[in-house]
Amino acid sequence: MKFINLLFILAFVSIFGQNKADNQLATYNFPKIKSSITMPVTIPLSEISNMINASVKELIYQDDSYTDNNNDQFKVKVWKTRPIRLVGGTNQNLLIEVPLKIWAEKGIGTLGVYTYQNTTFETVMSFNTTLSFKNNWTITTNTQPNGFRWVTKPVLDYGKIQIPITSLVEKSLKEQQDKFGKTIDQQMATQLNFQKYAVMAWNVFSQPFNISEEYNTWLKVTPINVNLTPLKFYGNQIDTNLGIDIYSETFTGSKPATSQTISSAANFSFNPNLADKFSLQTTANIPFTEASNIARKTFLNKEFDINDSKVKIIDIRVYGIDERITIEAQTDGYIKGTSIISGIPVYDEMKRKIVLSNTKFKLKTTNILHKTASVLFQSKIVKMIEQEYGIPTQELEETSKKSIEEAFNKEYYKGLKMNGRVFNLKPTKILLSSTGITAVIDTNASLKLILNGF
């Protein structure tokens, strides 16, 4: 049952590139993020039909004795003429049709002297099967006879005398129909046991996923529990949604420990409204060399008017001290010296930039003549830095979004396609190190696995 095996193959792929993590990042404890993965599951009724047809031989029933059944002088053979057909009902049920060809021979006579005549005719035997998916991963069925539909009625032709034998045939077929219904239930109970596949799915997550070999970053997904929506029956398929609640954890450096595997799956829960989201947290780095380049493009050679004199920025660089970004600007003119503006980096969602908050100012100079000039200069340069300086994240966000969606929309196994869409991606925490700025990025996406091609 190829499609059942593929139900539980879950694969994660590289999300997007990250710059190397250093000591500061290595000490950051990424949180466990609780999220869900949903998987629409479609079970084609043709698959169940194939299973039943494979278990039912062409010759369904044979009675080769004239003298059994109180000497009924009746023989009968019943064949399946075409594949058994399944159609989805409206009340969590399946309608099953079994097309049959029947050969019958009847003896007419008395005192042990009989004249025999045979005939061949066709009928369609119907069943109604109700399905119940138990939370221990098994499916139980209850198959009940649902009558006959005659294609051609059985009649024995003795020339001038024609004898209908419908009642004789129906009596035999009804007995066999009851037995056949039990056979269908037994076959489904054997074949539709999902326990071993649930164990396989759970254990897929025991190994952490390396989402960036170059930067040694790991994604560890730990299942918590499994939810299932009630089965929905259609004309040619049964649909449900499988939801796996997980913890998503990001690690840098050494590969994290493997999760404990299981040998039997816990019971799942029925939930009519599964969450359609997948969350993870990862990082992207901006080196201080790049941050300094951004500052130079923005401020180099800018001039200020102070007391009818000019102050010009002739050089600028960016670095980090503790939890603050420091911008060191060299000025010339009326104020010749070094202005040091530091602030706590935060993500501005409106500007889509990493900007400074809670700024502090320090001036190192030997040529300033008036305190008022110093205050005026401080006001102007700090305001300019706060309003104009920022490390743009728009390109990072758009590139990351594109990369994730490309990874989430591929067919990794024949008949199993991943489908995903990023609906929210933004930096939520800014970390500093000796070499750069690390943006911790929260990503929310929809992620589904779709079965097709069966």
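Residues numbered from 1 in each chain as written. Predicted model: local features only at pLDDT ≥ 70, side-chain atom pairs only at ≥ 80, totals over all residues. Heavy atoms only, no water.

Caption draft 1: Examining the overall build of the protein more closely. If you tally the helices and strands in the protein, you get 9 helices and 24 strands. Relative to its full complement of 454 residues, the protein shows a buried share of 47%. Look at the contacts in the protein between residues 6 or more apart in sequence, and 65% of them connect residues 24 or more apart. Split by element, the accessible area of the protein, about 22,800 Å² in all, is 47% carbon and sulfur. (Helix = DSSP H or I, 4+ residues; strand = E, 2+ residues; numbered from the N terminus. Buried < 20%, exposed > 50% of the residue type's maximum accessible area, 1.4 Å probe, protein only. Contact = heavy atoms within 4.5 Å. Areas by Shrake-Rupley, 256 points an atom, 1.4 Å probe, with all protein chains shown as cover.)

Caption draft 2: Quick peek at the side chain of Thr141. As for its placement among the helices and strands, Thr141 is situated in strand 7 (residues 139-150). In this structure the side chain of Thr141 is engaged in a polar contact, spanning 2.6 Å, whose partner is the side chain of Asp185. Apart from the residues lying within four places of it in its own chain, the contact partners of Thr141 are Thr129, Thr130, Leu131, Asp185 and Met188. (Polar contact = N/O pair within 3.5 Å; in protein donor to acceptor, adjacent residues only side chain to side chain.)

Caption draft 3: Spatial organisation of unusual backbone geometry. The backbone of Gln92 shows a phi angle near 55°, a positive value even though the residue is not glycine. Residue Gln92 is classed as partly exposed on the basis of its relative accessible area of 38%. Phi is positive for Asn358, which is not a glycine, with a value near 50°. Judged by its relative accessible area of 55%, Asn358 is exposed.

Caption draft 4: Local environment of the sheet that holds strand 17 (residues 309-321). Strand order across the open sheet formed by 6 strands is 16-17-18-19-20-21, with antiparallel pairing between neighbours. In this open sheet, the two strands that pair with only one neighbour each are strand 16 (303-306) and strand 21 (391-392). Two strands pair when backbone bridges link them, and strand 18 (residues 324-333) and strand 19 (residues 337-348) are joined in this way by 7 bridges, in the antiparallel orientation. Of the residues in strand 19, the one forming a bridge with Thr326 is Ser342. Each of strand 17 and strand 21 touches helix 7 (residues 288-299); the most contacted strand, strand 17, lies at about 165° to it. (Pairing = 2+ DSSP bridges. Axes fitted to C-alpha atoms, helices over the stretch in contact; angles between N-to-C directions.)

Caption draft 5: Geometry of the packing of helix 3 (residues 45-55) against helix 5 (residues 166-191). One way to put it is that helix 3 packs onto helix 5 with a least axis distance of 10 Å and a crossing angle of 120°. By the criterion of interaxial angle, the relationship of helix 3 to helix 5 is oblique. Handedness of the helix 3/helix 5 crossing: right-handed. In this structure, helix 3 contributes Ile48, Met51, Ile52 and Ser55 to the contact, and helix 5 contributes Ile184, Gln187, Met188 and Gln191. (Parallel < 35°, antiparallel > 145°, perpendicular 65-115°, else oblique. Left-handed = near helix turned anticlockwise from the far one by under 90°.)

Caption draft 6: Fine view of the layout of surface pockets. Estimates place the volume of the largest pocket at around 270 Å³. Lining the largest pocket we find 12 residues, and of these Ile286, Glu290, Pro392, Glu395 and Leu396 sit closest to its centre. Where the lining of the largest pocket is concerned, the elements lending two or more residues are strand 15 (278-287), helix 7, strand 21 and helix 9 (394-407). Element by element, the count of residues in the lining of the largest pocket is highest for strand 15, at 4 residues. Here the second largest pocket is characterised by a volume of approximately 200 Å³. Along its surface, the second largest pocket is lined by Tyr61, Asp63, Asn69, Asn70, Asp72, Phe74, Leu168, Lys171, Ser172 and Glu175. Those elements that provide at least two residues to the lining of the second largest pocket are strand 2 (59-63), helix 4 (68-71) and helix 5. Per-element accounting of the lining of the second largest pocket gives the leading share, 4 residues, to helix 5. Among the residues forming the lining of the second largest pocket, the class breakdown is 3 nonpolar, 3 polar and 4 charged. (1 Å grid on protein atoms, 1.4 Å probe; cavity = no way out; pocket = protein on both sides within 12 Å on 5 of 7 lines; lining within 4 Å. Points joined across faces, edges and corners; volume = space filled by probe spheres on them. Nonpolar A, V, L, I, M, F, W, Y, C, P; charged D, E, K, R; others polar.)

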